[in-house]
Amino acid sequence: MFLKCFQLKPVLLFGGMSLAIGSSWAAQAAPGQTSSPTTHTNTPSQRISSVYQAFPAGVSPYYGSLLTSVYRQTHQQPLWTDQEAIHSFEQQLAEVALSGVQPQFTRWLAVLSRNDLTNDAREVVLSDALLGYLQFVNAAPAQGESWFYGTNGSRLSAPSPALVSRWLQAVNHGTTRSFIESLQPQHPQYQPMQKALVVLLADNKPWPKLELNRTIRPGESDPAVPQLRQMLVRAGWLSEADAQASIPASPPPAQPVATNAPPVSAPQPQRMLAPSPTTDSSSAPVASGPAEDIYSDALVSAVKRFQHWQGLTDDGIIGYKTREWLSITPHQRATLLALNIQRLRLLPDDMHNGIMVNIANYSLNYYVEGKTILSSRVIVGRPSRKTPLMRSALNSVVLNPTWTVPNTLIREDLVPKLRKDPSYLAKHNFTLYSGWGADATAVDPASVNWQTVSASAFPYRVMQAPGPQNSLGRYKFNMPSSDAIYLHDTPNHGLFQQDIRAISSGCVRVNKAAQLAGLLLKDVGWDQSRISSTLDSRTTRPISIRHRIPVNLYYLTAWVSEDGQAQFRTDIYNYDQLARAGWSSISNAEKFLL
């Protein structure tokens, strides 16, 4: 009996399972162990009935009773004899540990990294970890949204008998490797993201520190500029030769900072994996001092390239967001990639036809037969009114839409404005109705004492008529949504020039709404002339589309672009904090990924 071999330590209830754990379970590799690649020749004994005696002190399986049952079914025979299957699983285990979504994966990885682990013990640890991974992979599509975008990560429970049976069948048929590989994300982004993760993880050189807590602009001087120069060289945005050439022969004459310079924006709440920001100083020193302290044109050009790659406004001004991203190390970026690799499990493996909106990238792509026929910038919900992750399907386009103000906006925005300015509704072409029923009548806003109207029990319905001021613009794209989320146009297209565009109340504003409407309506016989004449009439016209168009609102802060470069974006909703938990797995992950 396997269980007779257990030497139980204090029990911690974890994720609904009883985990016998000693202090060495969560420890990192043994002292003196290097981070060189780990290769194992797994040759367990023919029977493994006493394998628990070989475990390191203080370590017991997570799925003890289930593991016992599995090996009984296989007559105590080893299950891990395919070295390529072992390598593939250890790689996937390292990736999920780096993501930070479940601490138990970190513990399994730590045990597998130990030098004192016998082959028989490794056999059972691999099986124990696979049981947890089977449940994780199977439940991710349904529960991944809360796992990968929440604060608590995933919860482990026992895998179903059907899942365990599939694994054992693969072992019996000699197809363990293909079974293990089927557990990795199947999205086309997985392989390039995994390769980029390995490159970042292999970068072990010290990362420079940028001691800069204010915004600097081209031509200004600051003692932190030499650090900036070193960081740009280290990150590959500036060559050594260009770094030397970036130091002016002599500093320019002192120039006082203009008093009418734009004010420095206050730092936003921390969204990425950088040290907490300090408050910017709006006063900058004059552009004088040592030549190496001048923020010269060559440095500005390198910073602009970095900003463009990072999805920031490439203006060369080093503000809070640019400083934050410059300070993130390659290893920290690797954990971000690892977390986003797990998020791929929530995306369709191949978007052949449909609309994909990456909330974190403020981007929309419309695919038809696998080709991108439209790309557009978008505006998404502010952090206090997040755009939700969702899948739906467009079913109609509305020309000249009206806008009925949602209750949340009435409570939080409209009532406070009406108390300050009772004429607000008339100024912005809103109509006030006595209620929500079909028989509701128009009410004169001037007849209402807005100081006494309850924001939480607002008795009226407010609707904005079509026109140039309408908040939805000239196009609305309807799709079923329990949160009343949809795509729409906007009367203020200048906002699309901002790099941070999380400013809406939750719906998605589309910069190229006119082009999107034209593509959708062409399929039902509407040409541009007919669309234009309807728009000119200012008459609201809903038009059903022939085929429902799949829409996926998703959130990736890291991926690999078509040119092979890893891309990273600001975590506007603070969903990436899980990746911090992956930092503790970096040294162990290196052993299996490098």
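Keep in mind that this is a model prediction, so the values were computed, not measured.

Novice: How would you summarise the overall build of the chain if you had to cite specific residues and measurements?
Specialist: Broken down by element type, the chain carries 18 helices and 17 strands. By the burial criterion, 52% of the 594 residues in the chain qualify as buried. Restricting the contact set of the chain to residue pairs at least 6 apart, pairs at least 24 apart contribute 75%. Accessible area for the chain stands at about 26700 Å²; split by element, carbon and sulfur atoms hold 51% of it.

Novice: Tell me about the pattern of salt bridges, residues and numbers included.
Specialist: Any two side chains of opposite charge can pair, on the condition that their charged atoms come close. Enumeration over the complete set of coordinates arrives at 11 salt bridges. A salt bridge links Asp 203 to Arg 234, with the nearest nitrogen and oxygen atoms 2.4 Å apart. Of this pair, Asp 203 sits in the loop between α7 (190-201) and α8 (225-234) while Arg 234 sits in helix α8, placing them 31 residues apart in sequence. In this structure, Asp 413 and Arg 385 form a salt bridge, with 2.9 Å as the shortest nitrogen-oxygen distance. Note that Asp 413 is positioned in helix α13 (residues 407-420) and Arg 385 in the loop between β5 (371-381) and β6 (390-399), a separation of 28 residues in sequence. Assessed through its relative accessible area of 22%, Asp 413 is described here as partly exposed. Using a relative accessible area of 10% as the deciding quantity, one classes Arg 385 as buried. A single network of salt bridges, built from pairs that share partners, joins Glu 84, Arg 177 and Glu 181.

Novice: Summarise the environment of Pro 56; cite the residues concerned and give the values.
Specialist: Along the chain, the position of Pro 56 falls in the loop between β2 (17-20) and α1 (64-73). Measuring from C-alpha to C-alpha, the distance between Pro 56 and Ala 121 comes to 8.5 Å, with 65 residues separating the pair along the chain. With residues up to four places along the chain from it excluded, the contact list for Pro 56 reads Arg 114, Asp 116 and Leu 117.

Novice: Mind laying out the sheet that holds strand β9 (residues 442-443), listing which residues take part and the relevant values?
Specialist: Here four strands make up an open sheet; going across it, the order is β7-β10-β8-β9 and the pairing antiparallel. The open sheet has two free edges, formed respectively by β7 (403-404) and β9, since each of these has just one partner strand. Where strand β8 (residues 430-433) lies against strand β10 (residues 461-464), four bridges are found, and the strand directions are antiparallel. Across the sheet, the residue bridging to Leu 432 is Val 462, located in β10.

Novice: Outline the environment of Val 524, listing residues and values.
Specialist: Looking at where Val 524 falls in the secondary structure, it is placed in the loop between α15 (513-522) and α16 (528-537). Given the relative accessible area of 22%, Val 524 is considered partly exposed. Measuring from C-alpha to C-alpha, the distance between Val 524 and His 547 comes to 9.5 Å, with 23 residues separating the pair along the chain. Once you skip the residues sitting within four places of it in the chain, Val 524 turns out to touch Ile 543, Ser 544, Ile 545 and Arg 546.

Novice: Which residues make up the packing of helix α2 (residues 83-99) against helix α12 (residues 330-343), and what values go with them?
Specialist: For any two helices packed against each other, the geometry comes down to the angle between their axes and how far apart the axes lie. Viewed as axis vectors pointing N to C, α2 and α12 meet at an angle of 105°, and their least axial separation amounts to 7 Å. Overall, the two elements α2 and α12 adopt an arrangement that is roughly perpendicular. Packed against α2, whose contacting residues are Glu 95, Val 96, Leu 98 and Ser 99, the element α12 presents Thr 335, Ala 338, Leu 339, Ile 341 and Gln 342 at the interface. Among the residues making up the contact of α2 with α12, the classes are represented as five nonpolar, three polar and one charged.

Novice: Would you mind going over the nonpolar core in detail, with residue names and values included?
Specialist: Phe 136, Trp 167 and Phe 477 are the most contacted members of the largest nonpolar core, which has 161 residues in total. Looking at which element gives the most residues to this core, the answer is helix α4 (residues 119-149), with 16 residues. Discounting chain neighbours no more than four positions away, the residues touching Phe 136 are Val 96, Val 101, Phe 105, Trp 147, Phe 148, Ser 154, Leu 156, Gln 342 and Arg 345.

Novice: Got a sec to walk through the layout of surface pockets? Specific residues and values, please.
Specialist: As a volume, the largest pocket reaches approximately 1400 Å³. Along the wall of the largest pocket there are 49 residues; nearest its centre are Asn 361, Ser 363, Asn 365, Trp 559 and Arg 569. Contributions of two or more residues to the lining of the largest pocket are made by α10 (297-310), β3 (354-358), β4 (363-368), β5 and β16 (558-560). Of the residues contributing to the lining of the largest pocket, the split by class is 17 nonpolar, 22 polar and 10 charged. There is about 990 Å³ of room inside the second largest pocket. Looking at the second largest pocket, it is lined by 35 residues, and the ones nearest its centre are Trp 403, Pro 406, Leu 409, Ser 471 and Ser 505. For the lining of the second largest pocket, the secondary structure elements donating two or more residues are β7, α13 and β13 (502-504). At five residues, the largest contribution of residues to the lining of the second largest pocket is made by α13. The residue inventory of the lining of the second largest pocket, partitioned by class, reads 15 nonpolar, 12 polar and eight charged.

Reading the values: rules and limits
Residues numbered from 1 in each chain as written. Predicted model: local features only at pLDDT ≥ 70, side-chain atom pairs only at ≥ 80, totals over all residues. Heavy atoms only, no water. Helix = DSSP H or I, 4+ residues; strand = E, 2+ residues; numbered from the N terminus. Buried < 20%, exposed > 50% of the residue type's maximum accessible area, 1.4 Å probe, protein only. Contact = heavy atoms within 4.5 Å. Areas by Shrake-Rupley, 256 points an atom, 1.4 Å probe, with all protein chains shown as cover. Salt bridge = Lys/Arg side-chain N within 4 Å of Asp/Glu carboxyl O. Pairing = 2+ DSSP bridges. Axes fitted to C-alpha atoms, helices over the stretch in contact; angles between N-to-C directions. Parallel < 35°, antiparallel > 145°, perpendicular 65-115°, else oblique. Nonpolar A, V, L, I, M, F, W, Y, C, P; charged D, E, K, R; others polar. Core = buried A, V, L, I, M, F, W, Y, C linked by side-chain atoms within 4.5 Å. 1 Å grid on protein atoms, 1.4 Å probe; cavity = no way out; pocket = protein on both sides within 12 Å on 5 of 7 lines; lining within 4 Å. Points joined across faces, edges and corners; volume = space filled by probe spheres on them.

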